[in-house]
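The primary structure of each chain is shown beneath.
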Amino acid sequence: MVPSVLLFNKMNMMKAKILYAIFLLFTMQLKAQTFDIVFQQCYGGSLVEGATTLVPIEDELIVFGGTYSNDGDISFNHGKSDYWLFKTNDIGEIVWEKTYGGSEQDYATNMLPSPDGGFVLFGETYSNDGDVDCNHSTNGDWWLVKTDSLGNIQWSRCYGGTHKEIARQMIYAHEGGYVMTGKTGSVDGDISHNNGQYDVWVVKVDWEGEIIWERTFGGSDWEWASSIALTADGGYIVGGGAGSHDGDVQCEGLPGEYTTAWVLKLDHEGQLEWQNCYGGSYSEAVADILQTTDGGYIFLGATASGDGDADCFHGTPGNVNTSDMWVVKLDETGEIEWHRCLGGTGFDSPKLIRQMGDGGYLVGGNTTSRNGTVVCNESLPGTHTVILYKLSPEGEIEWTKCLGSQVDNSLFSIHMFSDHHFLLGATTRTWGMDVDCDLKGQTDIWIVELQDTTVGVQEIHPLQLMLFPNPATSETWLQLPENLPLTAMYIELYSPTGRLLHRTQPTTQFHKIKVANLPRGLYLVRVWDGEKWLVEKLVVR
């Protein structure tokens, strides 16, 4: 998006080695994390906007979110709320923007680049006019929109029945296509079965949006999914919440009568392999989940309990005005290895978790607390503040970072360029403090680029990965360091949105990575050398 993103890629290996040798003594002494804002911009109209997905493509940025406005940066609104897709150049100026929807509410969930250079937009619709001509009812359907590279609609599909469907996440599927998840209250239309009031609904579609399979999971009460991720065995891991104690929800030993955090492991066809619940006497739920490099899993959720699995809560158990972010590390069978509560006596809401190159975790969310683990919020008077935590591989807090202004700020998305360089998609309502851009209305999209200025050359490692060609269109070759044993290595490929696409163990020093079916974008290739991660950026065109 900005020139700093491309700086490392433009350095050749010799320069990297020279810099490393010159600055090694100094960088070994740099321990503190100092994240500075190196770029920011606000986008919106006179009403409310929000960003759900950021996808850098070379030196440009694609932003997907929602809008209620019909002025400012928004050229048109179909009704109450629309999907909003726009592209910016290397200095943050909008190159083009499009809105999608009908006369009712249309809510954006997330976006993925498509293999042909376009985009696939996922969310839910309550309209049945304008761009929406497929809704099963006005109670709410999932709505998938395919565009070309300029945002023009090529096709759209609705998924659901005569009752309500809520959209939560879409990812690339194993063997092509997409997998979507959320919840359904229907038992007709595209839904073959429903266990109760609301079920977890998982749907796999091909590149054209045609359903390959769909599965529901639940009991007699309310269940839902918030997040889904690929697993290395070709299956999927799903995280959400459960209010039932029957049907597919088979959990023992939990003290609570409220909702529990619910995790489901599915095989490659969406069949349930195992499930487990986590919680205490009050309410818990999963917000984000992923598979970790050790073959286990980690989820970020919310807790309001102070007992059971969640015995670390900082607030008053059961108080609806207090909540902690809750990080839970699981082994490969779903058993808890460790857990940590993040927050204070206010309301701390979880948003996302990502594994970092050192094996630790980046946790993002929002907070109203001024105590507990929230040690960075004293100078920000806003009622809601964006907060980031860096956790060690064992869950210990290594640093925190708060961002915001005098009034509410909320985090919605993040793109990791490296362990020390992030792009955040947030919202802001006022100028001041960290917010230094022209506001258009009630709530604007706030794009913030953060970089740790204390470790600029620590990202340069003497053992370099080489990818050629880079950029690539059909395939690229990864050259591994000669002095490291292949038996200790494995290779991972991550999508522009930070999701694991592929993991394998190399058999030779030169490893081919096929990219012909991947959408355009900025990818990360990571190699574990037995002790640490080596990371290189890959541009797919």
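Everything here concerns the structure above.
1. Thoughts on the layout of surface pockets
Thinking step 1. Looking at the second largest pocket, its volume works out to about 1000 Å³.
Thinking step 2. Taken together, 43 residues form the lining of the second largest pocket, with Thr-52, Ala-108, Thr-109, Lys-351 and Phe-412 sitting closest to its centre.
Thinking step 3. The set of elements that each furnish at least two residues to the lining of the second largest pocket consists of strand 2 (49-57), strand 3 (60-67), strand 6 (106-113), strand 10 (165-172), strand 14 (223-230), strand 18 (284-291), strand 22 (348-355) and strand 26 (409-418).
Thinking step 4. Broken down by element, the residue count for the lining of the second largest pocket peaks at seven residues, all from strand 6.
Thinking step 5. Considering only residue class, the lining of the second largest pocket consists of 17 nonpolar, 17 polar and nine charged.

2. Describing empty space enclosed by the protein
Thinking step 1. Tallied over the full model, the rule gives one cavity of 30 Å³ or more.
Thinking step 2. Reported here for the largest cavity is a volume of approximately 40 Å³.
Thinking step 3. Around the largest cavity, the lining residues are Leu-112, Ile-171, Tyr-172, Leu-230, Ser-495, Thr-497, Arg-499 and Leu-501.
Thinking step 4. A class-by-class count of the residues in the lining of the largest cavity yields five nonpolar, two polar and one charged.

3. Regarding the pairing of strand 21 (residues 336-342)
Thinking step 1. Pairing geometry for strand 20 (residues 324-330) and strand 21, over six bridges, is antiparallel. If you follow Val-327 over to strand 21, its bridge partner there is Arg-340.
Thinking step 2. Connecting strand 20 to the next strand, strand 21, in antiparallel fashion are five residues, including Gly-334 with a positive phi near 95 degrees.

4. Description of the pattern of salt bridges
Thinking step 1. Summed over the entire model, instances satisfying the criterion amount to 17 salt bridges.
Thinking step 2. Asp-294 is the partner of Lys-329 in a salt bridge, and the nearest nitrogen-oxygen pair spans 3.2 Å. Taken together, the positions of Lys-329 in strand 20 and Asp-294 in the loop between strand 18 and strand 19 (297-303) put the pair 35 residues apart, joining distant regions of the chain.
Thinking step 3. When its relative accessible area of 2% is taken as the criterion, Lys-329 is described as buried.
Thinking step 4. Salt bridges sharing partners connect three or more residues here, namely Asp-233, Lys-265 and Glu-273.

5. Notes on the nonpolar core
Thinking step 1. One finds Leu-362, Leu-388, Phe-422, Leu-424, Trp-446 and Leu-450 to be the most contacted residues of the largest nonpolar core, which totals 20 residues.
Thinking step 2. At the level of elements, strand 1 (35-43), strand 24 (385-391), strand 25 (397-403), strand 26, strand 27 (421-428) and strand 28 (444-452) are the ones that each hand at least two residues to this core.
Thinking step 3. Formed by 18 residues, the second largest nonpolar core is a distinct cluster that contains Leu-230, Ala-242, Trp-262 and Leu-264.

6. So, unusual backbone geometry
Across residues other than glycine, the phi torsion is negative in most instances, and most of the peptide bonds are trans.
Thinking step 1. Pro-471 follows Asn-470 through a cis peptide bond whose omega is 15 degrees.
Thinking step 2. Structurally, Pro-471 can be placed in the loop between strand 29 (466-468) and strand 30 (475-479).
Thinking step 3. Phi angles above zero are rare outside glycine, and Glu-175 is one such case at about 65 degrees.
Thinking step 4. One can find Glu-175 in the loop between strand 10 and strand 11 (178-184).
Thinking step 5. Even without being glycine, Met-433 reaches a positive phi, approximately 55 degrees.

7. With respect to the sheet that holds strand 26
Thinking step 1. Spatially, four strands are ordered 1-28-27-26 in an open sheet, and the strand pairing comes out antiparallel. In the strand order of this sheet, the two ends are held by strand 1 and strand 26, each with one partner. Within the sheet, the average angular offset between the axes of one strand and its neighbour, ignoring direction, is 20 degrees.
Thinking step 2. The pairing of strand 1 with strand 28 spans eight bridges and is classified as antiparallel.

What counts, and where the lines are drawn
- Residues numbered from 1 in each chain as written.
- Predicted model: local features only at pLDDT ≥ 70, side-chain atom pairs only at ≥ 80, totals over all residues.
- Heavy atoms only, no water.
- 1 Å grid on protein atoms, 1.4 Å probe; cavity = no way out; pocket = protein on both sides within 12 Å on 5 of 7 lines; lining within 4 Å.
- Points joined across faces, edges and corners; volume = space filled by probe spheres on them.
- Helix = DSSP H or I, 4+ residues; strand = E, 2+ residues; numbered from the N terminus.
- Nonpolar A, V, L, I, M, F, W, Y, C, P; charged D, E, K, R; others polar.
- Pairing = 2+ DSSP bridges.
- Salt bridge = Lys/Arg side-chain N within 4 Å of Asp/Glu carboxyl O.
- Buried < 20%, exposed > 50% of the residue type's maximum accessible area, 1.4 Å probe, protein only.
- Core = buried A, V, L, I, M, F, W, Y, C linked by side-chain atoms within 4.5 Å.
- Axes fitted to C-alpha atoms, helices over the stretch in contact; angles between N-to-C directions.

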